[in-house]
Every structure is written in structure tokens, then in C-alpha cells.
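Survey of secondary and tertiary structure
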Protein chains: 2
Amino acid sequence: MEAFWNNIRKVTPYTPGEQPKTENVIKLNTNENPYPPSPKVTEALESIGRLRMYPDPAASELVGAIADYKGLKKEQVFVGVGSDDVLAMCFLTFFNGKLPILFPDITYSFYDVWAELFQVPYELQKLKKDFSIDPEDYKKKNGGIIFPNPNAPTGVDMGLSKIEEILQENPDVIVIVDEAYVDFGCESAVSLLEKYPNLLVVQTFSKSRSLAGLRIGYAMGSSALIKALNDVKYSFNSYTMNQPSIVLGKAAIADEAYFQDTRRKIMETREWFKGEMKKLDFHFPDSKANFIFASHERIPASQIFEAARRENIYVRYFNKPGIDNYLRITIGTHSEMESFLTFLRTFIGKTV
Amino acid sequence: MEAFWNNIRKVTPYTPGEQPKTENVIKLNTNENPYPPSPKVTEALESIGRLRMYPDPAASELVGAIADYKGLKKEQVFVGVGSDDVLAMCFLTFFNGKLPILFPDITYSFYDVWAELFQVPYELQKLKKDFSIDPEDYKKKNGGIIFPNPNAPTGVDMGLSKIEEILQENPDVIVIVDEAYVDFGCESAVSLLEKYPNLLVVQTFSKSRSLAGLRIGYAMGSSALIKALNDVKYSFNSYTMNQPSIVLGKAAIADEAYFQDTRRKIMETREWFKGEMKKLDFHFPDSKANFIFASHERIPASQIFEAARRENIYVRYFNKPGIDNYLRITIGTHSEMESFLTFLRTFIGKTV
């Protein structure tokens, strides 16, 4: 091996979820929204303009639209290239202590990847048997705390009173609530921001606003924490948000009626789908997200996963201890879920 | 100060160039292209589609288009959110040694920012009196080398034979040639890739392809080096390139005639502008970029900068030792440069 390899960073490459390129598939594996973004987004496409110029490095129009919508000051909002970018910047900015940061053992699969990349010590906290987070586990000395609410890939949510319990015990470290799926029926911690200067809430346009293809995520917190994030971001890449993201993101926020309508449809489909899945002998924790995390009484998840894939139906399977008999199934349109159920009925009939 | 600040990263915030929001300005301060992107880019806007789905994390269509255009394999191209993102990833991936990396003392202002952020030791190499890079300075033990060609903010280029001299002396470290401005009349090091497995060449769509607003940069190198970059990128954020960037970037590459036409116009305007500036007693190193780095015989650069700004003409002034009497002037359209010259004639007449 050439000597120049000595100084090259060694990482275990992360493999993102499958993105099939064929057209005729039912794609329920990456928690996208089955509805297109607001028609106002498509209209705004024509006004993108100015592609030859650098975008506003502060993305002020988008930041302003989010702040107004959330009832915050502009200085309390940070935007990035999807919540992955925002969360990675958070790890780099806020987790520089010697004590381990704490997060659940079953959770968003990027947390340990970032911790490894930025050499942040971490300690996993076991979920309870019912997949819920026990606030007691977050009452020891630590270098910071992060968890999704609702949690992924389980879909289980935690009430605000439990989140406050964690915050009250941890005034000396940054606590990040990752709310990627919060708009599908779970309470947001944004209301706690005023009371806790060490709280940061992260959300995204990828799920409830149907804009995974644009890559927009954002963090909300005290203006001092947001400034710390911006300082790191500006040291890294000033112009992270491109002009289409700024213009189309703002248009999405402006269409409140469409947002309410599509998220309601997804929640309705989810509740109906839960009932159908129970009839087919699946069990799953009650989900407040746009997916359910389901296991069959008799048939191994890996078998269902492979069989569905052969029928061009993509769901997500994680071959990891503790969750290797579960499927994470995104809530698509009613008709997509019907197709999936039809497949399941046939497959289970043949297999059992 | 609350205890949670102890673990927050301390950085000196970087301030990007001014982005005036009013309409009636002549903006020659951030090296954008005065011509709109190819009309094919605007047409492609309508086909962006699929905003609700995650973009292809490998951005294969864009990577493929660039690889075909450059005569490389797909595995030899890495794309990122502007060349700033690509270069930051390069620092993180390739500069992990204990010896200092080397770059010029007068150069792109982000190199030392990234080195500080990622704690990479570095040593500045003085430019020669004529602002050129001396290859002799890059023949000592080091942890890696990076320089722009042509250099910024000077616009001075280095011939391929000198670049090869540096490569031949440094087989054990990664050498990065940052070619943000290469399309305006300078020789690219892409032709050396086959011979030097430790060479990486970085280019951008922001200048010669008029797409600063989209944020597309790319690195070219051996497939092994590109894999190392991708491994780090996937550990960070899988979906960095949004759908508009992928679709519109590909459309820009497809319109070769437009690319050749606009870059020729800029080079012609630059050469004519050089002559006019000499008549007004400016001196400057000969530039191969879409800007010139000029100093007036009698009037301090800071004065000209302020006076131009009052007339809504934006050029860039760096208040740094060694270059604090220079202005970096982007080449706009012929008519924008005429306006700037008219301003200069009046201002110099009044001042001297």
C-alpha cells in the first residue's frame, strides 16, 4: 500500500437505504411522504431565478419563514442540508466533552456513526421491553443527550413531561430532541425552548412536507446555541442551502392547508393500517410516526422482506440484534398500503 | 456562563463576501458568472420531479455526466455541495498526518479555516514577489499539499510542468489542485491523474457554468481516493446533493456550446479590461481567472473599494497584510465593466 494511505481517515462506510431506480415499485422503505409537495412548491419553481449568483449564505428568507411559523426569533433557527447535516453539525458543535454522550441503543442509525467520525465518546441506553425510553437512564453524569421523538425505527413517542424530567436533571449539557417525525401526531418540545437554554429541537422538511428530494433540516434553540452552530457551519461551508431549497422550502411553509391535509391523511391511513396488520397477526409498538415497526407472530421478518422485494414492494429490514425480526414499513397512500396488505394475505396464506 | 458551554466548540466565525439584497447593483465581489446558466438548465427545471423522494445518494446521473465529459470512470468522480463541501471533506479524509500540510500564504481563505476546524497542522509557504508559487517550497517533508490553480485571489496560474515537479517530489502524501477557476484559460491537471495516484483535482459549477446558486463541486482522482472520500461523506450525510442539483447540473454539462461561448466571452472581456485598467495606472499580476487582482499606483485600494460601494458597485477588498492595497474585481459583462471603468475615471480624476 502506498505511504500516502497512512494519513487517510479510516471509516466503515455507511450504506443508505435502497433507492430502486425502476418505476413500478411500491417504496415503503425510507419513510418518504407518498403525497407530492404543495402545488405552491411547483409554482415557486419558476421563480427560483438567480442560479448564477451565490445563494444567501444565511438563507434568511427560509429561516425567517420557519421562525415566523414556529413563533420564534430568526436568531433561533439554523438550517442545513437535511436534518442529517444539521445533526452532524450539532455533534461537531455541542459534543466536545470528555464524558460520554447518551442515546438509546435502538435509535436513528447515524448517531453512532457521527460519534465515531468526530471521536465523541458515547454510551448506549437500553430501551425498555416495550421499546420506550426510560428517563431514569438519562439521569447520570454525561457529555450530552440526544434522542428522536418519536423514536426511530420504533415509532414510539415520549410525552413532554418525561422530556422535561430529562431536561431538569441535565442543566449542564446540551439535550437534543430529534423531531423528524413529530408532525404525525406527537407533541413537539419547541414549547420548552423558552424554559431550557440547553435544549435544541431538530426538525425536517423530508417527511411531513414531502420534500426529501430538497434536503432541508433545521434546528431551533436559544439564539446563543444557534449562533454556536452557525459559527461552525460558516467555518465549514458558508453556502450550504442552494437557491432551489431556499425558494421552494419557503413556498412549502406558506401552504399550511396542504400540510395539514396530507399529514392528516397519513395519520388516518396509519391508524387503519394498524388495524389491518393486527388482523394478519402482526404486533408492533403503537407508532406516532409515518411508519410502523412490525413483527409477525410466526413468519421471520427477513422472509417477508425478501418476498415483498420480489414483488417490487420495498420496506426496511435491519439485520441487528434485538430488532432483526421487525420490518419498518413507511405509511404510503391508502392504495399502496392496500397493495401491501394484498401481498401479505397471499404470502402468509402460502407460508403458514 | 452556564456549564454546558464548556463542551461547545470554539471557532472564530468566518464572514462570507457581501451579498447585497437590493437589485440595482453591479456585483463584482464574489467571482460569479455574469451570464445566466445554459437555457437547457431552465428547461430541465420542469423535469426535476420527485421532490418528495430522497435523491439518489450517489448522485449517479450527475457523476456519470461529469465522468463522461472528462473521460474518466464514474468511480473517479466525487460530487459535493459546492467545492467548499468537497474541499472540507478532502481535509477531513486526507489530512490526518502529524506533519504540517503546505499551502501558499496568500490563497483561498478557507484552507486555514478548515485546518483549524479539523485540527490539521499546517505551514504557509510565501508566494514569490510576483505572486507566483515556487515549487521549491513544496519539496520538504509534509503531511499533504493543496493550492488553487490559478491561485486566488491573485489569478496567477502555474504550468503543468511545475505541478508535476511538486508531484514527483511528494509521492507519499495527497496533493490537491483546486481548479475552481481553471476554465478561464489555464491548463487542468486532470491529464496527470493517470500518472499520479496521490493527485486529486477539484472543480466547480459555480464559476464557468454560472451555477453558484446550485452548489455543485466535484473531485476527480483514482477510484481508491474517491472511495475514501465517499466513505467519509456517507458517514456524515448520505444525501448531500438535492434533486435540483442533480437534474440541473447534468443539464449544464450537456450544453457544451453554451459553456464554450460564455467562458470565451468572459476571457475576451477580461483581456480588454486589463488594457483599460493599465491605462488608468492600475497594476496587477496577469490573471487566468474570472477576476483580476489590481492595485492602483497612487490611490489606496480601501478608498476605491468604499467609493465604488457608494455607487452600488461591489468588488472585494481583503484587509490582510501583503494584499491590503489590492482589489479583487470579478469579470462581469462587458457593459458592467464599462460602468466600473466610468466610475474609476471620474473617481481617479477627482482624487488625484
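Refer to the structure presented above.
The structure displayed is predicted, hence computed values, not measured ones.

Residues and elements named next belong to chain A. Positionally, Phe110 belongs in the loop between strand E3 (101-104) and helix H4 (111-117). Residue classification places Phe110 among the buried residues on the basis of a relative accessible area of 1%. Remark: the alpha-carbon pair of Phe110 and Ala88, spanning 22 residues in sequence, is separated by 8.9 Å.

With that settled, the discussion passes to the pattern of salt bridges. Inspection of every chain in the model, using the stated rule, returns 34 salt bridges over all chains. With a shortest N-O distance of 4.0 Å, Lys288 of chain A and Asp157 of chain A are connected by a salt bridge. Note that Lys288 of chain A is positioned in the loop between strand E9 (282-283) and strand E10 (291-296) and Asp157 of chain A in the loop between strand E5 (145-148) and helix H5 (160-169), a separation of 131 residues in sequence. Residue Lys288 of chain A is classed as partly exposed on the basis of its relative accessible area of 24%. Among the salt bridges present, the one from Glu271 of chain B reaches Arg270 of chain B, with a minimum N-O distance of 2.9 Å. A residue is classified by how much of its surface remains accessible, and Arg270 of chain B, at 3% relative accessible area, is buried.

Turning to the interface of chain A and chain B, a few remarks are in order. Size of an interface, as often reported, equals the accessible area lost when the parts are brought together. Taken together, the contact between chain A and chain B spans 83 residues of the former and 82 residues of the latter. Of the roughly 6,700 Å² buried where chain A meets chain B, counting both sides, 61% is carbon and sulfur surface. Ranking the residues of chain A by area buried against chain B places Arg52, Tyr54 and Phe236 of chain A at the top, with a combined share of 13%. The interface formed by chain A and chain B contains zero salt bridges. For the interface between chain A and chain B, the tally reads 25 residue pairs in polar contact (both at pLDDT 80 or more). Within the residue set of the side of chain A that touches chain B, elements represented by two or more residues are helix H1 (39-45), helix H3 (82-94), H4, helix H6 (223-234) and helix H7 (243-254) of chain A. Per-element tally for the side of chain A that touches chain B: the top contributor is H6 of chain A, with seven residues.

Glancing now at the packing of aromatic side chains. Under the counting rule described, the total for this entry stands at 45 aromatic pairs over all chains. With centroids separated by 4.9 Å and ring planes inclined at 85 degrees, the aromatic side chains of Tyr181 of chain A and Phe291 of chain A adopt a geometry described as edge-to-face. Linking Tyr181 of chain A in the loop between strand E6 (175-178) and strand E7 (199-204) with Phe291 of chain A in strand E10, this pair joins segments that are 110 residues apart in sequence. No difference in accessibility class separates Tyr181 of chain A from Phe291 of chain A, as the two residues are buried. With a centroid separation of 5.8 Å and an interplanar angle of 55 degrees, the aromatic rings of Tyr108 of chain B and Phe110 of chain B are classed as tilted. One aromatic cluster is present, formed by Phe91, Phe95, Phe103, Tyr108, Phe110, Tyr111, Trp114 and Tyr122 of chain A through successive ring pairs. The aromatic ring of Phe291 of chain A is capped on one face by Arg328 of chain A, whose charged end is 5.8 Å from the ring centroid. Over the ring of Tyr234 of chain B we find Lys233 of chain B; its NZ or CZ atom is 5.2 Å from the centre of that ring.

All names here are of chain A. Taken in spatial order, the five strands line up as E1-E11-E12-E10-E9 in an open sheet, and their pairing is mixed. The two strands at the open ends of the sheet, each matched to only one other strand, are strand E1 (26-28) and E9. Pairing analysis gives two bridges linking strand E11 (residues 313-317) to strand E12 (residues 327-330), with the strands arranged antiparallel. Paired with Tyr317 across the strands is Leu327, a residue of E12. Relative to E10, helix H8 (residues 256-279) is tilted by about 0 degrees, and along the sheet it contacts E9, E10 and E12. Sitting on the sheet, helix H9 (residues 301-310) touches E9, E10, E11 and E12, and the angle it makes with E11 is about 155 degrees.

Bringing the relation of the copies chain A and chain B into the picture now. Put simply, the two copies of the chain differ by a rotation about an axis and a shift along that axis. Of the two same-sequence chains, chain A is brought onto chain B (RMSD 0.0 Å, axial shift 0.0 Å) by a rotation of 180 degrees. Both copies of the chain, as the preceding transformation shows, are related through a two-fold rotation axis. Most of the interface of chain A is mirrored in chain B, where 99% of its interface residues again form contacts.

As a further point, take the sheet that holds strand E9 (residues 282-283) of chain B. All names here are of chain B. Strand order in the open sheet formed by five strands is E1-E11-E12-E10-E9, with mixed pairing between adjacent strands. If you trace the sheet from one side to the other, it starts and ends with strand E1 (26-28) and E9, each paired once. Relative to the sheet, helix H8 (residues 256-279) contacts E9, strand E10 (291-296) and strand E12 (327-330), its axis offset from that of E10 by approximately 0 degrees.

Before going further, it helps to spend a moment on helix H3 (residues 82-94) of chain B. For H3 of chain B, spanning 13 residues, the distance from its first C-alpha to its last is 18 Å, which sits close to the expected 18 Å at 1.5 Å a residue. Of all 13 residues that make up H3 of chain B, 13 are buried, and the element is covered over most of its length.

On to the pairing of strand E3 (residues 101-104) of chain B, then. Residues and elements named next belong to chain B. Where E3 and strand E4 (residues 122-125) come together, four bridges link them in parallel fashion. Residue pairing in the sheet places Phe103 in a bridge with Leu124 of E4. Traced from E3 through helix H4 (residues 111-117) to E4, the parallel crossover comes out right-handed.

Moving on, we come to the packing of H8 of chain B against helix H10 (residues 334-351) of chain B. In a pair of packed helices, the angle between the axes and the distance between the axes together describe the arrangement. All names here are of chain B. One can describe the packing of H8 onto H10 by two numbers: an axis separation of 11 Å at closest approach and a directional angle of 10 degrees. Here H8 lies roughly parallel to H10, going by the angle between them. From H8, Thr269, Trp272, Phe273, Glu276 and Met277 reach across to H10, where they touch His334, Met337, Glu338, Phe340, Leu341, Leu344 and Arg345. Here the residues of the contact of H8 with H10 sort into seven nonpolar, two polar and three charged.

Parameters at a glance
Residues numbered from 1 in each chain as written. Chains lettered and ligands numbered in written order. Predicted model: local features only at pLDDT ≥ 70, side-chain atom pairs only at ≥ 80, totals over all residues. Heavy atoms only, no water. Helix = DSSP H or I, 4+ residues; strand = E, 2+ residues; numbered from the N terminus. Buried < 20%, exposed > 50% of the residue type's maximum accessible area, 1.4 Å probe, protein only. Salt bridge = Lys/Arg side-chain N within 4 Å of Asp/Glu carboxyl O. Contact = heavy atoms within 4.5 Å. Buried area = accessible area lost by both parts, 1.4 Å probe. Polar contact = N/O pair within 3.5 Å; in protein donor to acceptor, adjacent residues only side chain to side chain. Phe/Tyr/Trp six-rings, centres within 6.5 Å; stacked < 30°, edge-to-face > 60°. Lys NZ or Arg CZ within 6 Å of the ring centre and 35° of its normal. Pairing = 2+ DSSP bridges. Axes fitted to C-alpha atoms, helices over the stretch in contact; angles between N-to-C directions. Least-squares fit on C-alpha atoms with pLDDT ≥ 70 in both. Expected span 1.5 Å × (residues − 1). Right-handed = clockwise from strand over helix to strand, strands pointing away. Parallel < 35°, antiparallel > 145°, perpendicular 65-115°, else oblique. Nonpolar A, V, L, I, M, F, W, Y, C, P; charged D, E, K, R; others polar.

Functional significance is not addressed by these values, which are geometric in nature.
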